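So the chains spell out like this:
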Amino acid sequence: EKAVAIHKKNKFILPGCGVGLVAIIVGIVLLVNFLNQVPMKDFTKVEATGYEGFSEFVCDLDEESLMLRALGFEECEEYGDYKYFDEDDIEKVVNKITSKDQRKAIETLAESLKIEYELPEGRDEYTLQNGDEIKITLTCDEDAAKALDFPLRGSTFTYKVSGLKSVDLLDAISYFDVEYFGADGYASARMVCNK
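Presented here is an overview of the structure given in this document.

Attention now moves to unusual backbone geometry. If you check the backbone angles, D149 has positive phi at about 55° while not being a glycine. Tracing the backbone through its elements, the reader meets D149 in the loop between helix 5 (142–147) and strand 6 (152–153).

Next up, the structure:
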């Protein structure tokens, strides 16, 4: 007797392909939504300047540019862009907003914009060193942003301090000599720069 091979169709192939196709579509939709979001980080200036241990730290959110973007000024894309827009054009756009709900959403969004940062332990804005890491958190009322059809998202990121110049501490005393003059009991002293 000959052995006969019997082929059975796999009943799980089509449903498996359907699940895979749905996962791909969901992934594409999520990616498109992510790419269309406006990151608050683009409207933030973070920098440390000066010298190691004698620094100046700036962490600033440009609320003006961000709110112009929320009002529909698509060209307003990053920190400082508000300077390039005419006040009359801005006023025209603001005057077109007649809905109380929309005005309320704009106010709520503007009031909710926040920037917070966490410095390394034992440091402040003036004593930073190269290599210090600062955690920065940007938040907003995302419901108010959605009400304006504005895809704004907050974020948390780390800023690593770099580019601070090194400084050698100056021994000021080495630049001066002390001169004494007068008589015993009636002497005076003065410091004279020797450089």
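Still more ground to cover, so stick around.
What follows is about the packing of helix 2 (residues 63–70) against helix 4 (residues 100–112). The interhelical angle for the contact between helix 2 and helix 4, taken along N-to-C directions, is 150°, at an axis separation of 11 Å. Between helix 2 and helix 4, the angle falls in the class roughly antiparallel. Remark: the crossing between helix 2 and helix 4 carries right-handed chirality. For the pair helix 2 and helix 4, contact is made by E63, M67 and A70 and by I106, L109 and A110, respectively. Its residues assigned to classes, the contact of helix 2 with helix 4 shows 5 nonpolar, no polar and 1 charged.

The side-chain alternation of strand 3 (residues 54–61) yields one buried face, formed by S55, F57, C59 and L61, and one unburied face, formed by F54, E56, V58 and D60. One ladder, built from 8 bridges, connects strand 2 (residues 44–51) with strand 3; its direction is antiparallel. For T44, the partnering residue across the bridge sits in strand 3 and is L61. Taking the residues that link successive antiparallel strands as the turn, the strand 2-strand 3 hairpin has 2 residues, and the phi of G53 there is positive, at about 85°.

Reading the values: rules and limits
Residues numbered from 1 in each chain as written. Predicted model: local features only at pLDDT ≥ 70, side-chain atom pairs only at ≥ 80, totals over all residues. Heavy atoms only, no water. Helix = DSSP H or I, 4+ residues; strand = E, 2+ residues; numbered from the N terminus. Axes fitted to C-alpha atoms, helices over the stretch in contact; angles between N-to-C directions. Parallel < 35°, antiparallel > 145°, perpendicular 65-115°, else oblique. Left-handed = near helix turned anticlockwise from the far one by under 90°. Contact = heavy atoms within 4.5 Å. Nonpolar A, V, L, I, M, F, W, Y, C, P; charged D, E, K, R; others polar. Buried < 20%, exposed > 50% of the residue type's maximum accessible area, 1.4 Å probe, protein only. Pairing = 2+ DSSP bridges.

Keep in mind that these numbers describe shape and distance, not what the molecule does.
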